[in-house]
Amino acid sequence: MAHFAEIDLNNKVLRVVVACNQDIANNGGEQSEQAAEHFKTVCRLSENGVKWVQTSYNDNFRKQYAGIGYSFDSTKNKFIASQPFASWSLDSNDDWQAPVAYPTVTTYGDNVRYFISWDEAGQRWMGKDDQNNEFFWIPSSSSWISTGN
């Protein structure tokens, strides 16, 4: 099945819907403006929608599958994920990067994985073990330090 993202005036994705592959093939083919225009007759735009842009469920084109809140960069012809945190910035591949590199150590003990999340207020990576103990990542020593909680 083909998928289309509905785009608003600010190039934000409002929704993603499924289309019939045969409709796409019969109306200009994959990634064509003709197919996107035809799709308007199959699925009407919502109140804030201005156009449909095809997206790839398997990330085969336009960088990645569109999600609600993503933006469509028409110059680069790709969908860009929403900024996860204010401190993160886009790299040259249009992927969001934290100001601190992701931890290189992600397991402890007998190869049990930490649950790792970003702490925007502290500008650091936090980890929890299977007992819900909290740790923070120290990049300079490539180690986790207990928060005492």
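Rules behind the numbers
Residues numbered from 1 in each chain as written. Predicted model: local features only at pLDDT ≥ 70, side-chain atom pairs only at ≥ 80, totals over all residues. Heavy atoms only, no water. Pairing = 2+ DSSP bridges. Helix = DSSP H or I, 4+ residues; strand = E, 2+ residues; numbered from the N terminus. Axes fitted to C-alpha atoms, helices over the stretch in contact; angles between N-to-C directions. Core = buried A, V, L, I, M, F, W, Y, C linked by side-chain atoms within 4.5 Å. Buried < 20%, exposed > 50% of the residue type's maximum accessible area, 1.4 Å probe, protein only. Contact = heavy atoms within 4.5 Å. Phe/Tyr/Trp six-rings, centres within 6.5 Å; stacked < 30°, edge-to-face > 60°. Lys NZ or Arg CZ within 6 Å of the ring centre and 35° of its normal.

*Asks:* Can you explain the sheet that holds strand 13 (residues 143-146)? Please cite residues and give values.
*Replies:* As summarised here, the arrangement of the four strands in space is 10-11-12-13, forming an open sheet in which the pairing is antiparallel. Two strands close off the open sheet at either side, each with one partner strand: strand 10 (115-119) and strand 13. Averaged over all neighbouring strand pairs, the angle between strand axes comes to 35°, with direction disregarded. Where strand 11 (residues 124-128) and strand 12 (residues 134-138) come together, three bridges link them in antiparallel fashion. Its bridge partner lying in strand 12, methionine 126 is registered against phenylalanine 136.

*Asks:* Residues and numbers for the nonpolar core, please.
*Replies:* The biggest cluster of nonpolar side chains holds eleven residues, and these are Trp88, Ala98, Val100, Tyr108, Tyr114, Ile116, Trp118, Trp125, Phe135, Trp137 and Trp144. Mapped by element, the contributors of at least two residues to this core are strand 10 and strand 12. Among all residues touching phenylalanine 135, those that are not within four sequence positions of it are Tyr114, Trp125, Met126, Gly127, Asp129, Trp144, Ile145, Ser146 and Thr147. One finds Ala2, Val17, Ile24 and Ala36 within the second-largest nonpolar core, a separate group that totals ten residues.

*Asks:* So, unusual backbone geometry: which residues are in play, and what are the values?
*Replies:* The phi angle at asparagine 77 is positive, at roughly 55°, despite the residue not being glycine. Relative to the helices and strands, asparagine 77 is located in the loop between strand 4 (71-73) and strand 5 (78-80). Here asparagine 111, not a glycine, exhibits a phi torsion of approximately 65°, which is positive. Along the polypeptide, asparagine 111 turns up in the loop between strand 8 (107-108) and strand 9 (112-113). Here asparagine 111 falls in the exposed class, since its relative accessible area comes to 61%.

*Asks:* So what's going on with the environment of aspartate 110? Which residues, and what values?
*Replies:* Of note, aspartate 110 is situated in the loop between strand 8 and strand 9. A residue is classified by how much of its surface remains accessible, and aspartate 110, at 76% relative accessible area, is exposed.

*Asks:* Outline the sheet that holds strand 2 (residues 13-19), supporting the account with residue identities and numerical values.
*Replies:* The strand order 2-1-3 describes an open sheet built from three strands, whose pairing is antiparallel. Only two strands of the sheet have a single neighbouring strand rather than two, namely strand 2 and strand 3 (49-55). When strand polarity is set aside, the average angle formed by the axes of neighbouring strands in this sheet is 30°. Summarising the sheet, strand 1 (residues 2-8) and strand 2 pair through six bridges and their orientation is antiparallel. Each residue of the ladder has a partner; that of alanine 2, found in strand 2, is alanine 19.

*Asks:* Go over the packing of aromatic side chains with me, naming the residues and quoting the values.
*Replies:* The full count for this structure, using the stated rule, is 13 aromatic pairs. Among the aromatic residues, those joined into a cluster by ring pairs are Phe85, Trp88, Tyr102, Trp118 and Trp125. Residue placement shows arginine 124 over the ring face of phenylalanine 136; its charged tip is 4.6 Å from the ring centre.

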